[in-house]
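Architecture and fold: a report
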Amino acid sequence: MRMEKMGIAFQLGAPTLEPGVLNLAAAHEWKVTRPALAGARVVLADGTEVRDGRVPAREGDVRLFFQLPGGRRGDAAVGHAVTLRTATGFTESGLKRTKIAWKGDLTPAPSAFAGGTSDVVSTATLDGLDLKEPFALLFEGGLVIEKAGRYTLGIGSDDGSVLYLDGKRILENDGAHGYYERTVTVDLQPGVYPLQLTYFDAGGAQRVSLFWTPPGGQRETIANLRHR
Ligand SMILES: [Ca+2]
């Protein structure tokens, strides 16, 4: 939002949220940057002031604004918080991979894979598949977390892909496109989180990857996976 006051033009932008999705079971607040302008406050959509740069998180969207003493607001920063829970019953190594014939502009929902052809793989890979026809894949299992902390999870694909954790759509890399990666940061506790990665190829080059940077570690392909 551009404002004019006493002949001086200035910008009142949006606060900056820590990126990613927070697991509310571990982290009960958002961290927010301080106001960039003297006199500006950070407020929630309902006008509640964020006094110390921390917002009590709640499930769903969080909208934050810079607000000047006169009441004018800047752009909104929007974050999304979800609660991720572990589950039991994931006893076998690897992910279940299911393939279906698929022609479209977006990845199909996990429910669309009923009746597909399945095998087991160590991570998200196209190895061993007949890739001639338009197709989509569902990788399904559990993400094994041994150490509590903040993880950056990533997916890369040509064409589109979507990552679900605990049944929640936490990472979107959808649409028909060349190889592209996206990441999200999550706070996770020890346990096994139900994971689904959907992927489709619309033609041309084909690639899919699933990677993470664990707390204090380096980026690597995720291999801590089990299925039922
Ligand atoms: Ca492609």
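Now for a quick tour of the structure. (Residues numbered from 1 in each chain as written. Predicted model: local features only at pLDDT ≥ 70, side-chain atom pairs only at ≥ 80, totals over all residues.)

1. Here's the deal with the overall build of the protein chain
Our working definition: Strands here are runs of E lasting at least two residues and helices are runs of H or I lasting at least four, both read from the DSSP assignment and numbered beginning at the N terminus. Buried residues are those with 20 or more other C-beta atoms within 10 Å of their own C-beta, exposed residues have 12 or fewer, and partly exposed residues lie in between; C-beta atoms are placed from the backbone. We call two residues in contact whenever the C-beta atoms placed from their backbones are within 7 Å.
A tally of helices and strands in the protein chain yields zero helices and 19 strands. Every one of the 228 residues in the protein chain was classed for burial, and the buried ones make up 30%. Within the protein chain, residue pairs in contact and separated by at least 24 positions form 70% of the contacts whose partners lie at least 6 positions apart.

2. Focus on the sheet that holds strand β18 (residues 220-221)
This is how it is decided: Note: two strands are recorded as paired if DSSP finds a minimum of 2 bridges between them.
The strand order β15-β12-β17-β18 describes an open sheet built from four strands, whose pairing is antiparallel. Edge positions in the open sheet fall to β15 (180-188) and β18, since each of these has one partner strand only. Where strand β12 (residues 149-158) meets strand β17 (residues 207-213), seven bridges bridge the pair, whose relative direction is antiparallel. In the sheet register, Asp-158 faces β17, and the bridge partner there is Arg-207.

3. Some details on the nonpolar core
Which entries qualify depends on this criterion: To form a nonpolar core, buried Ala, Val, Leu, Ile, Met, Phe, Trp, Tyr and Cys residues must be joined through C-beta atoms within 7 Å.
Within the largest apolar cluster, 30 residues are counted, with the highest numbers of intra-cluster contacts made by Leu-163, Leu-165 and Leu-197. Looking at this core element by element, the count peaks at six residues for strand β11 (residues 135-145). With near-sequence residues (within four places) excluded, Leu-197 lies in contact with Ala-124, Phe-139, Ile-155, Ser-161, Leu-163 and Leu-210. Counting residues in each nonpolar core, the second largest holds ten residues, with Trp-30, Val-32, Val-50 and Phe-65 among its members.

4. So, the sheet that holds strand β6 (residues 60-67)
Defined as follows: To define axes, lines are fitted to C-alpha atoms, for helices over the stretch in contact only, and angles between the resulting N-to-C directions are given on a 0 to 180 degree scale.
Spatial strand order, β4-β6-β7: three strands in an open sheet with antiparallel pairing. Two strands bound the open sheet, and with one partner strand each, they are β4 (41-44) and β7 (77-81). With direction set aside, neighbouring strand axes in the sheet form an average angle of 30 degrees. Across five bridges, the pairing between β6 and β7 is antiparallel. For Leu-64, the partnering residue across the bridge sits in β7 and is Ala-77.

5. Here's the deal with unusual backbone geometry
Between Asp-158 and the following residue, Asp-159, the backbone shows a cis peptide bond with an omega angle of 15 degrees. Relative to the assigned elements, Asp-159 resides in the loop between β12 and β13 (161-165). Even without being a glycine, Asp-166 presents a positive backbone phi close to 50 degrees. For Asp-166, the position within the fold is in the loop between β13 and β14 (168-173).

6. Quick notes on the pairing of β17
Sheet topology places β17 next to β18; two bridges connect them, and they run antiparallel. Paired with Phe-211 across the two strands is Thr-221, which belongs to β18. In this structure, the hairpin formed by β17 and β18 is closed by a connection of six residues, where Gly-216 is found at a positive phi of approximately 75 degrees.

7. Comments concerning the environment of Val-55
As for its position among the elements, Val-55 is in strand β5 (residues 54-56). You can call Val-55 buried: it has 22 C-beta atoms within 10 Å. In the structure, Val-55 is positioned 38 residues away from Leu-17 in sequence and 10.0 Å away in space, judged by C-alpha atoms.

8. A word on the environment of Arg-85
Examined against the element boundaries, Arg-85 turns out to sit in the loop between β7 and β8 (92-93). When the 15 C-beta atoms within 10 Å are taken as the criterion, Arg-85 is described as partly exposed. Measuring from C-alpha to C-alpha, the distance between Arg-85 and Gln-189 comes to 8.8 Å, with 104 residues separating the pair along the chain.

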